[in-house]
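Structural characterization, general
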Amino acid sequence: MITIALSKGRQLEDFIAFLKQQKLRQWYTALESISRELLIEKKDTRFLLVKGEDVPVYVEEGVADLGITGSDVLYEQNRQINNLMDLPFGYCHFALAAKSEKDTYPIVATKYVKYTQDYFDSIRQPVKIIPLKGSVELAAKIDMADAIMDIVQTGTTLRENGLEEQVCLDHINARLIANKHAFFSKNTEIQSIINQLKKRG
Ligand SMILES: Nc1ncnc2c1ncn2[C@@H]1O[C@H](COP(=O)(O)OP(=O)(O)OP(=O)(O)O)[C@@H](O)[C@H]1O
Ligand SMILES: O=P(O)(O)OC[C@H]1O[C@H](OP(=O)(O)OP(=O)(O)O)[C@H](O)[C@@H]1O
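Cut-off values and rules
Residues numbered from 1 in each chain as written. Chains lettered and ligands numbered in written order. Predicted model: local features only at pLDDT ≥ 70, side-chain atom pairs only at ≥ 80, totals over all residues. Heavy atoms only, no water. Near = heavy atom within 4 Å. Polar contact = N/O pair within 3.5 Å; in protein donor to acceptor, adjacent residues only side chain to side chain. Areas by Shrake-Rupley, 256 points an atom, 1.4 Å probe, with all protein chains shown as cover. Nonpolar A, V, L, I, M, F, W, Y, C, P; charged D, E, K, R; others polar. Domains from an automatic or database assignment. Pairing = 2+ DSSP bridges. Helix = DSSP H or I, 4+ residues; strand = E, 2+ residues; numbered from the N terminus. UniProt positions renumbered as here; feature names shortened; annotations may be inferred. Expected span 1.5 Å × (residues − 1). Buried < 20%, exposed > 50% of the residue type's maximum accessible area, 1.4 Å probe, protein only. Arc of directions from axis to C-beta. Axes fitted to C-alpha atoms, helices over the stretch in contact; angles between N-to-C directions. Contact = heavy atoms within 4.5 Å.

1. Describing the site of ligand 1
In the vicinity of ligand 1 there are 15 residues, among which S7, K8, R10, K51 and D72 approach most closely. Between an oxygen atom of ligand 1 and a side-chain N or O atom of S7, the distance comes to 2.6 Å. Between an oxygen atom of ligand 1 and a main-chain N or O atom of G9, the distance comes to 3.3 Å. Protein coverage of the free-state accessible area of ligand 1, which is 610 Å², stands at 78%. By residue class, the composition of the shell around ligand 1 is 5 nonpolar, 6 polar and 4 charged. Residues from two domains meet in the shell around ligand 1; each of domain 1 (2-90 + 173-198) and domain 2 (92-171) gives at least three.

Structure follows, in structure tokens:
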């Protein structure tokens, strides 16, 4: 039995579309039929549906052998896990956004505290970071912050909140990760999953 932790948010839709493209019928039929269930079992595979930022926790703890989450989440957390491969979905990018261009952005609101601190350290500018859990765009819209550091895909959320991308930063995609122990103890099963995910649909 292999247990895989998946992000239950919008990345799940991308994952199901990817499984269809790869013709992994057994998996996508199991996943596309779920509504609010958090544990799905299909033959020798068990899926745990969790928040994206909790995927590395389940994998590090060994409750899940494998996990799929965004590279943004992995950047923020220093987890003892094996990074196995990039997956071709969940594409978006980090961006610094504000109402208008300024020389400096002293106060920045974000869900990505480490990434933001590292960015401002890299450009040698001091920054006060306001940590938030979501709806980050609002912080700049109502002037609680000079800018936000967030992920952008279509740009709709920025546009609809009167913000503009000021600096386009790192690309983000989904990644397959493994528990360090399971990577050895279940290597045959894990290699078989990697091959199925790699094959051309
Ligand atoms: N707008 C987006 N476009 C593309 N990828 C995104 C977008 N928002 C999030 N992601 C990717 O999906 C991952 C999981 O984010 P998601 O919003 O699905 O979170 P979640 O916590 O699993 O879901 P929810 O908050 O709905 O419970 C993010 O870490 C990111 O890599
Ligand atoms: O460029 P877009 O296609 O508009 O996507 C970007 C939005 O998606 C993510 O938010 P999410 O939906 O996860 O909401 P939350 O962070 O407010 O919970 C991100 O934090 C942006 O707000």
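2. Some details on the pairing of strand β9 (residues 164-178)
Sheet analysis places strand β4 (residues 66-70) next to β9, joined by 5 bridges and oriented antiparallel. Bridging across to β9, G67 finds its partner in I177. Sheet analysis places strand β5 (residues 82-98) next to β9, joined by 11 bridges and oriented antiparallel. The partner of H93 across the bridge, within β9, is H171.

3. A closer look at the UniProt feature "domain: ATP phosphoribosyltransferase catalytic" (unreviewed entry) in the chain
Those places that UniProt annotates as "domain: ATP phosphoribosyltransferase catalytic" (unreviewed entry) correspond, in this numbering, to residues 52-198. Secondary structure across residues 52-198 divides into 35% helix and 35% strand, with the first and last C-alpha atoms of the span separated by 22 Å.

4. Some remarks on helix α1 (residues 10-21)
If you check α1, its first and last C-alpha atoms are 17 Å apart, about what 12 residues at 1.5 Å a residue would give, namely 16 Å. Three or more residues of α1 are buried, namely Q11, L12, F15, I16, F18 and L19. Here the buried residues of α1 occupy an arc of 160° about the axis, which is enough to place them on one side. Facing away from the buried surface of α1 by more than 90 degrees, the exposed residues are R10, E13 and Q21. Following α1 by one or two positions, K23 adopts a phi angle in the positive range, close to 60°.

5. Examining the site of ligand 2
What surrounds ligand 2 is a group of 13 residues, the closest being R10, K111, E137, T154 and T157. In this structure, an oxygen atom belonging to ligand 2 sits 2.7 Å away from a side-chain N or O atom of E137. For ligand 2, whose accessible area on its own is 500 Å², the fraction buried by protein is 73%. Looking at the shell around ligand 2, the elements that each hand over two or more residues are β8 (147-152) and α7 (156-160). In terms of residue count, the dominant contributor to the shell around ligand 2 is β8 (3 residues). Residues of the shell around ligand 2, tallied by class, amount to 2 nonpolar, 7 polar and 4 charged.

6. A closer look at the sheet that holds β4
Strand order across the open sheet formed by 9 strands is β2-β3-β1-β4-β9-β5-β8-β6-β7, with mixed pairing between neighbours. Here the strands that pair on one side only, and so sit at the sheet edges, are β2 (39-42) and β7 (128-131). Recorded for the sheet is a direction-independent mean angle of 20° between the axes of neighbouring strands. Running at roughly 135° to β5, α1 makes contact with β1 (2-7), β3 (45-50), β4, β5 and β9 of the sheet. Packed onto the sheet, helix α9 (residues 187-198) meets β1, β4, β5 and β9 and runs at close to 55° relative to β5.

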